[in-house]
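Chain by chain, the residues run as shown.
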Amino acid sequence: MAELQRSVHLHPSILSADFSQLGEEIARIPSADAVHVDVMDNHFVPNLTLGLPVVEAIRRATSLPLDIHLMISDADRWAPGYAEAGAESVTFHAEASGAPIRLARELRARGAQAGMALKPATALEPYLDMLTELDMLLLMTVEPGFGGQAFLEVVLPKIRRARQAADDAGVPVAVQVDGGISAQTITAAAEAGADVFVAGSAVYGADDPDAALIALRDQAAAAQGSCG
């Protein structure tokens with residue numbers, strides 16, 4: 001089947017922002033396609049970050065779409081609450097869900113897009129049959145838990161397989177990458193088939209975060225176009 005037409009989206013991660021003034025930090029990225037919010041529980045990953053009350057506060061502080069990435073245990077129990085809080089997209093980890101299809105359907109029923117994430121070493125193939133249940137597949141390009149890690153090129157073949165599987169099935173699933181995305185790595189990820197890019201330090205580490213995210217999005221679009 002022919003490749004589906006795709007658009008490039010840039011989701012800055014506020015994990016790299018100043019947590020003491022999140023409202024102001026989000027206001028610095030008006031051109032973002034969505035705000036990527038990492039929720040960690042110190043169990044599924046060895047770090048603790050934002051929880052549901054802070055996400056609810058972020059929802060009140062911005063009209064930008066919220067892209068919630070849950071790096072938490074027992075996702076089946078907790079994920080629906082983030083959809084109810086007004087997040088446009090909620091992504092859970094396959095490794096933390098006992099019933100991923102049921103959870104994806106529940107998220108959609110509550111008004112959110114359903115995303116599923118895979119760690120770098122988690123095989124893609126067992127989940128290909130559920131692509132029709134998903135709006136987005138997040139392929140981690142670092143080990144989840146901390147920002148600022150180096151991009152793992154070993155994930156590039158998995159990105160290619162995911163994109164090919166979605167295209168072959170005619171399913172409009174976005175392929176998101178998260179971890180180590182920068183001007184040095186985004187071209188390779190885009191050429192492999194990713195179309196949604198999470199960038200943290202590459203955006204918030206710049207003097208002008210909004211200009212940085214626009215430049216990254218343009219770079220990815222150019223790389224995607226060169227593969228068409």
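What you see is a predicted model; the values in this text were computed from it and never measured.

Novice: Account for the nonpolar core, naming residues and giving values.
Specialist: Counting 70 residues, the largest nonpolar core has Ile14, Val37, Ile68, Val90, Leu137, Ile159 and Phe197 as the members making the most contacts within it. No other element matches helix α5 (residues 156-169), which puts five residues into this core. What Ile14 contacts, discounting residues up to four positions off in sequence, is Phe19, Leu22, Ile26, Val35, His36, Val37, Leu50, Ile58 and Tyr204.

Novice: Outline the pattern of salt bridges, listing residues and values.
Specialist: Evaluated as defined, the whole model comprises ten salt bridges. Here Arg110 makes a salt bridge to Glu84, at a shortest N to O gap of 2.3 Å. Separated by 26 residues along the polypeptide, Arg110 in the loop between α4 (100-109) and β5 (113-118) and Glu84 in helix α3 (residues 75-84) bring together distant segments of the chain. With relative accessibility at 35%, the residue Arg110 sits in the partly exposed group.

Novice: Give me unusual backbone geometry: which residues, what numbers.
Specialist: Even without being glycine, Asn42 reaches a positive phi, approximately 65°. For Asn42, the location among the structural elements is in the loop between β2 (35-40) and α2 (52-61). Notably, Asp74 is not glycine yet its phi reads approximately 55°, a positive angle.

Conventions we followed
Residues numbered from 1 in each chain as written. Predicted model: local features only at pLDDT ≥ 70, side-chain atom pairs only at ≥ 80, totals over all residues. Heavy atoms only, no water. Core = buried A, V, L, I, M, F, W, Y, C linked by side-chain atoms within 4.5 Å. Buried < 20%, exposed > 50% of the residue type's maximum accessible area, 1.4 Å probe, protein only. Helix = DSSP H or I, 4+ residues; strand = E, 2+ residues; numbered from the N terminus. Contact = heavy atoms within 4.5 Å. Salt bridge = Lys/Arg side-chain N within 4 Å of Asp/Glu carboxyl O.

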